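The residues making up each chain are set out below.
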Amino acid sequence: MSFQPVIPAGGNLGWTLLQNSRQSQQEAFNTSTQIKTNTDYFRENIGKISTAEELVADRRLFSVALGAYGLGDDINNRFFVQKVLEEGTLNQDSFANRLADKRYFQISAAFGFDLQPPNTALSDFADKVTSLYEERQFEVAVGDQDGNLRLALGFDREIEQIATSDVSEETAWFQVMANPALRSVFEGALGLPSEIGAVDIDQQLREFRTKSEAVFGTSNPSSFANSELQEELVRKFLVRAELSGNTSLTSAGTVALTLLQAIQPQN
């Protein structure tokens, strides 16, 4: 039986409740049957894998690997992902380096199949990947109930990766625009219509910069690695989503009942 996250409300109320219960809910989720079975299998077998071809051939290992980097929808794109992994990241002309979606770079760099031996041979590799997998799968489970809260949960990780990548402000914005989750949060918080994605990319860049400066006092997306600014942006995103009707609402009675249940000791 799988553990379903408790999401008693949407919007900012739901965000506050989820933040307060995140640790206990994540721990319960990690020990649920499906997640524990998958992570145990990965820990026991990933050390035997030395090539990208071997990884994609084992659907259970491949599923955990993809899930850890937010690429679960690629489970049937074996040959595409195999090419990403095989070419690695050391060569600047490699497939992973040329793709706009940097999740492919991250998974390729993590597994290091262009190294001898690959990173799968490292003693702490399995723990790093399974930890990411548990975190992302919890977000997926939250998203099954409230997509906006899923985006809010992953925002800190996604923006941190850009903030620490030592790129120019312009490149950072292009990375935001190429990341579907980050783009959705920024568009929502800045009040930009989703249709902006259809206009010229340079015009999009100007709009994101101008709006960000006007609303948050900074035109650099890396600034949102700051926890206070990050929280402000996430809450604006959730407020705008709620005002537009793009959120789930729960009665006050249900919220109260859920809170009472949440404080009971967990077995």
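It should be noted that the structure appears before, not after, this text.
The notes below deal with the structure included here.

Cut-offs used in this document
Residues numbered from 1 in each chain as written. Predicted model: local features only at pLDDT ≥ 70, side-chain atom pairs only at ≥ 80, totals over all residues. Heavy atoms only, no water. Helix = DSSP H or I, 4+ residues; strand = E, 2+ residues; numbered from the N terminus. Buried < 20%, exposed > 50% of the residue type's maximum accessible area, 1.4 Å probe, protein only. Salt bridge = Lys/Arg side-chain N within 4 Å of Asp/Glu carboxyl O. Axes fitted to C-alpha atoms, helices over the stretch in contact; angles between N-to-C directions. Parallel < 35°, antiparallel > 145°, perpendicular 65-115°, else oblique. Contact = heavy atoms within 4.5 Å. Nonpolar A, V, L, I, M, F, W, Y, C, P; charged D, E, K, R; others polar.

## Describing the overall build of the protein chain
A count of helices and strands for the protein chain gives 14 helices and zero strands. For the protein chain, the sequential pattern of α-helices and β-strands runs α-α-α-α-α-α-α-α-α-α-α-α-α-α. Across its three principal directions, the C-alpha atoms of the protein chain cover 55 × 55 × 30 Å. Going through the 267 residues of the protein chain one by one, you find that 45% of them count as buried.

## Looking at unusual backbone geometry
Note that the residue after Gln116, namely Pro117, is joined by a cis bond; omega there is -5°. Looking at the element boundaries, Pro117 is found in the loop between helix 7 (103–111) and helix 8 (125–143). Notably, Asp166 is not glycine yet its phi reads approximately 55°, a positive angle. Relative to the helices and strands, Asp166 is located in the loop between helix 9 (147–163) and helix 10 (169–178).

## Here's the deal with helix 7
Along helix 7, the residues classified as buried are Tyr104, Gln106, Ile107, Ser108, Ala110 and Phe111. Two residues or fewer past helix 7, Gly112 is found with a positive phi of approximately 55°.

## So, the pattern of salt bridges
Under the counting rule described, the total for this entry stands at 13 salt bridges. We note a salt bridge from Arg43 to Asp127, for which the minimum N-O separation is 3.1 Å. Here Arg43 is found in helix 2 (residues 33–45), whereas its partner Asp127 is found in helix 8, with 84 residues between them in sequence. The class of Arg43 is partly exposed, set by a relative accessible area of 36%. As a salt-bridge pair, Glu87 and Lys83 come within 2.7 Å of each other at their nearest N and O atoms. Taken together, the residues Glu87 and Lys83, both in helix 5 (residues 78–87) and four residues apart, mark about one turn of the helix. A relative accessible area of 29% places Glu87 in the partly exposed class. Judged by relative accessible area, which is 35%, Lys83 ranks as partly exposed. Via salt bridges that share partners, Glu135, Arg136, Glu139, Arg157 and Glu158 belong to a single interconnected network.

## Quick word on the packing of helix 10 against helix 12 (residues 201–216)
At their nearest, the axes of helix 10 and helix 12 sit 10 Å apart, and the two run at 105° to each other. Considered as vectors, helix 10 and helix 12 are oriented roughly perpendicular to each other. Between helix 10, through Glu169, Glu170, Trp173, Phe174 and Met177, and helix 12, the contact on the second element is made entirely by Ile201, Asp202, Gln204, Leu205, Phe208, Arg209 and Ser212. Partitioning the contact of helix 10 with helix 12 into residue classes produces six nonpolar, two polar and four charged.

Bear in mind that shape data such as this cannot, by itself, settle questions of function.
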